[in-house]
Amino acid sequence: MISTQAANARTEPEALFADVIVPRHLAGPFTYTVPLSLRPTLRIGHRVLVPFGRSILQGAVVALSHVLPHGLDRARLKEIQSLLPKGAATDVSSNLFQLSRQVAEQYVAPWGQCLRLVLPPAPKPRAQGSHYELTEEGRAALADRKPCSVKARALLTRLGKKPSGLRRSSRTPGTSDLLHDLKARGWVMEVQDQVLPSVLTAPIARASRQLNQGNSVITTPFTPDPAMSWAEPLFEALRGQGPSRVLLQGPWTDRLGQLRKAVRLVLDRGQTVLIIVGEAERAQWVAGLIRDDETGIVPVCFHSGLSDQVKAQLWDQIYRQVVRVVVGTRSAIFLPLYELGAIWIEGEEDAALKEAQEPRYHAREVAWLRAQNEQAVLVLSSSHPSLETRAAVEQCGIVVRKLTPSDARPSVQVVDLRDHGRGTVLSQPLVRAIEQAIDRRAGVLLFLNRKGYAGALVCRDCGEVPRCPACRVALMYSRQAGRLFCSYCGDVASIPETCASCSGPRMQLIGEGTERVEEDAKRLFPHAEVIRLDGDTMRRPVQAEALWRRVEQGEWDIIVGTQLLLRRGPLPTMGLVGIVQADTGLSLPDFRSAERTYHTLLDAVSLAGPAGAGGQVIVQTYLSSHHAIQAVAQNDESVFLSEELSHRAALGYPPAVYLIALLVSGTDETMVRDAATAWVARLTACASPPVAGQTDAAKAHSTAQSIGRPDHLTVLGPVPSPVSKLRGRYRWQILVKSLEREAGLEAVRITVKEMELTRRRRAIKFDVDVDPIEMW
């Protein structure tokens, strides 16, 4: 008799195991068995549905093997459920798959978190029905803390944080009566859901025009313009083979001309173009400027402000190669464009290109990784490039510059506020210049990069400043709201009559904001039309659009604004630009404060007309000799560069070294401090042998420790963060410097894993920010 058991053993197919990455903050990958039905077709890069705890998650296959990994029990392994449903993109392109792995390595982040970046958006199915939104009265009630029950305020707060509204199906028990009451008070309204159109139009300024259909768009052949000869090295790179990096520096109008011609050239070669900008509004504006149906340039916009449904449809059209030109914000760098010919980063120094949450990638640096992977050209465009980009491209790349002609610049006058009375907001030279500009209807911009009425409230007896109890930062004063507010968490507080520390009655406002400037401008020029553009007046989209409409129609004499007014398209040319306090940002605890101040001043100066037409800039400052101020006054970039680069080199900051910021946070201050101290000790031990009997505290005692390696790794800290407490969590900071990028990365990779294993993850959080833009 033949044993059936033996026969079955001989015919049983060979087992297949798959390593799958899931989009979670987990080291991974996780091993699954492959069902018989998928064994013939499953390959690396396929997107699959897998059981994960009690959930079913979307993941990607990163490895396949017939051998069970060592230490695993096959009986405990779960099985892959299926490939993605029919109709969805079933795999991740090899280039994007590799890019997600590179981002994980370069930014010390779990691969699963980085895989999310290259997967298509997953819109939540929404049944037709209705949802609830706050009315303008409701938002005002929430901001002004009008009387209502605790539950009603909690519901209003919840609605305020959900721009898409609260759906009827997502209401928690007990909210029906509350919603009914709030509707009766006019604070909440019920809105019927809108059905998306079946044909998606390009979401840009001229949205009625259709997207490219298929790959058959014919572009007008590119012909070089003799007037653009200054940028010929750029076009040589675009016509060449292999990856290259080009720094394009020049005025915006000149860069726009190069962008249009570059797009035409790349499309003419049968390739696609990806344009990245910092802000959604600017993306819409740039897309509208380069759109030209006659030559086949029909870009689409992709940014976080779009709904999940729209983003999913756009992603699918890009994946199916319907779209050839995309303008988007930082996340667009991961879109599945094929035959990528050029990536254009417009405003490469913009801090908005850096992701604030894990994985904290910088779109500019990821663009260079992708350009190298796909043999594309990366163009870094700016009127004032960052010091890091200058250093990188000058060392290995192509630099193309066109500086503003001297006859196109306004006259610049520096007013030293130390020569004027204490508390001066608008000096006499600036007031006289405003009068003259108004008389000739030339247009006035008063620029100050601080909203509110005053920077803070201070006790004149003991110097105490009211601070947010959850964030420990000084509360700002808004005269319009008549309250103090926290610029981090949004909490508000009433103005104290006496000091909470010494009970003194002498509370004084310090540091003017745009509200104060607006008030002074209206008082000094009662017949002038004054409008204010800042985060308070433009918080709601309806208000913002109304203000922009007034600007475009010229219904103003004086504009008072912050850097927010630079995010959209350019303002009308100004006869006078008054920079109310040029050194506001110089005192911030950030090694880039001088560079940011210099860039902001250049942007403000660029809004004024040429001196020959009466264009004038008045810079008010208490630090008239500072190199950022002097460089603007003298119109000499070298004044700023030489001084700033020497400071960075002497103090050991980028671009002289590579920098990684580490943050330890938690609700227990002692536990946070001890964890930060232990992390510094591990970083030290990672590179040098430990001293017998030395404690963690002793190893981390020095504020700065140089690790004994040829690459000179240096650790600064631990110290409390500049914002030592945020939303109830204590925060300690560590800085890691290295001459070689990989040295710092490897030390952090090893130690952060050790710290997360030895500390309770829910109690203590460890964050890594490679190449930080904002200091924690």
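Residues numbered from 1 in each chain as written. Predicted model: local features only at pLDDT ≥ 70, side-chain atom pairs only at ≥ 80, totals over all residues. Heavy atoms only, no water.

**Q** Describe unusual backbone geometry, naming the residues involved and giving the relevant values.
**A** Cis rather than trans, the peptide bond between Glu358 and Pro359 has omega equal to -5 degrees. Of note, Pro359 is situated in the loop between β13 (340-346) and α11 (363-373). A cis amide bond links Pro654 with the next residue in sequence, Pro655, at an omega value of 10 degrees. Relative to the elements of secondary structure, Pro655 occurs in the loop between α18 (637-651) and β27 (658-666). Of note, Val108 is a non-glycine position whose phi angle comes to about 50 degrees, a positive value. Val108 sits in the buried class, given a relative accessible area of 12%. Within the chain, Gln321 stands out as a residue other than glycine whose phi angle is a positive 65 degrees. The topology assignment puts Gln321 in the loop between α10 (308-319) and β12 (325-328). (Helix = DSSP H or I, 4+ residues; strand = E, 2+ residues; numbered from the N terminus. Buried < 20%, exposed > 50% of the residue type's maximum accessible area, 1.4 Å probe, protein only.)

**Q** Lay out the pairing of strand β4 (residues 55-65) in plain terms, naming residues and giving numbers.
**A** One face of the sheet, then the other: side chains in a regular strand alternate in exactly this way. With five bridges joining them, strand β1 (residues 17-21) and β4 adopt antiparallel strand pairing. Pairing of Ile21 across the sheet is with Ala60, part of β4. Where strand β3 (residues 47-52) lies against β4, six bridges are found, and the strand directions are antiparallel. In the strand pairing of β4, Val50 is matched with Leu57. (Pairing = 2+ DSSP bridges.)

**Q** I'd like a description of the pattern of salt bridges, backed by residues and values.
**A** Evaluation of the coordinates by the stated rule reveals 34 salt bridges. As a salt-bridge pair, Asp316 and Arg320 come within 2.9 Å of each other at their nearest N and O atoms. The class for Arg320 is partly exposed, based on a relative accessible area of 47%. When the shortest N-O distance is used, the salt bridge between Glu365 and Arg364 registers 2.7 Å. Residue Glu365 is classed as partly exposed on the basis of its relative accessible area of 26%. Through salt bridges with shared partners, a single ionic network connects Glu518, Lys522, Arg532 and Asp534. (Salt bridge = Lys/Arg side-chain N within 4 Å of Asp/Glu carboxyl O.)

**Q** Tell me what's going on with the sheet that holds strand β23 (residues 530-533), and back it up with residues and numbers.
**A** Here six strands make up an open sheet; going across it, the order is β16-β26-β25-β17-β24-β23 and the pairing parallel. The open sheet has two edge strands with one neighbour each: β16 (411-416) and β23. Across this sheet, the average inter-strand angle for adjacent strands is 15 degrees, counted without regard to direction. Where β16 and strand β26 (residues 616-621) come together, six bridges link them in parallel fashion. Bridge assignment links Val414 to a residue of β26, and that residue is Val619. Strands in contact with helix α14 (residues 514-524) are β17 (444-447), β23 and β24 (558-561); relative to β23, the strand with the most contacts, it is inclined by about 175 degrees. (Axes fitted to C-alpha atoms, helices over the stretch in contact; angles between N-to-C directions. Contact = heavy atoms within 4.5 Å.)

**Q** Lay out the environment of Thr41 in plain terms, naming residues and giving numbers.
**A** Topologically, Thr41 is positioned in the loop between β2 (30-33) and β3. When the C-alpha atoms of Thr41 and Leu83 are compared, they prove to be 9.9 Å apart, with 42 residues separating the residues in sequence.

**Q** An account of the sheet that holds β4 is needed here, citing residue identities and associated values.
**A** Strand order across the open sheet formed by five strands is β2-β1-β4-β3-β5, with antiparallel pairing between neighbours. Each edge of the open sheet carries a strand with a single partner, namely β2 and β5 (82-83). Bridge count for β3 against β5 is two bridges, and the pairing is antiparallel. Along β5, the bridge assignment pairs Leu49 with Ser82.

**Q** Describe the packing of helix α8 (residues 252-268) against helix α9 (residues 280-290), with residues and values.
**A** Look at α8 against α9: their axes get within 10 Å of each other, and the N-to-C directions meet at 60 degrees. Once α8 is placed against α9, the crossing between them reads as right-handed. Where α8 approaches α9, its residues Trp252, Leu256, Leu259 and Arg260 are matched on the opposing element by Arg282, Trp285, Val286, Leu289 and Ile290. Of the residues belonging to the contact of α8 with α9, the class tally is seven nonpolar, no polar and two charged. (Left-handed = near helix turned anticlockwise from the far one by under 90°. Nonpolar A, V, L, I, M, F, W, Y, C, P; charged D, E, K, R; others polar.)

**Q** Just give me the short version of the environment of Leu403, but keep the residues and values in it.
**A** Its location among the elements puts Leu403 in the loop between β15 (398-401) and β16. Considering only alpha carbons, one finds Leu403 and Asp254, 149 residues apart in sequence, at a separation of 9.9 Å.

**Q** Report on the nonpolar core, specifying residues and quantitative values.
**A** What tends to happen in soluble globular proteins is that the nonpolar side chains get buried as a cluster. Core analysis: the biggest nonpolar cluster contains 75 residues, and Val326, Leu662, Trp679, Leu683 and Val768 have the highest contact counts within it. Looking at this core, the element that brings in the most residues is helix α19 (residues 669-687), giving seven residues. Ignoring anything within four residues of it in the chain, the contact list for Val326 reads Val273, Leu274, Ile275, Val300, Phe302, Ile318, Leu335 and Leu337. Judged by nonpolar contacts, the second largest core, of 35 residues, contains Trp556, Met574, Leu586 and Val619. (Core = buried A, V, L, I, M, F, W, Y, C linked by side-chain atoms within 4.5 Å.)

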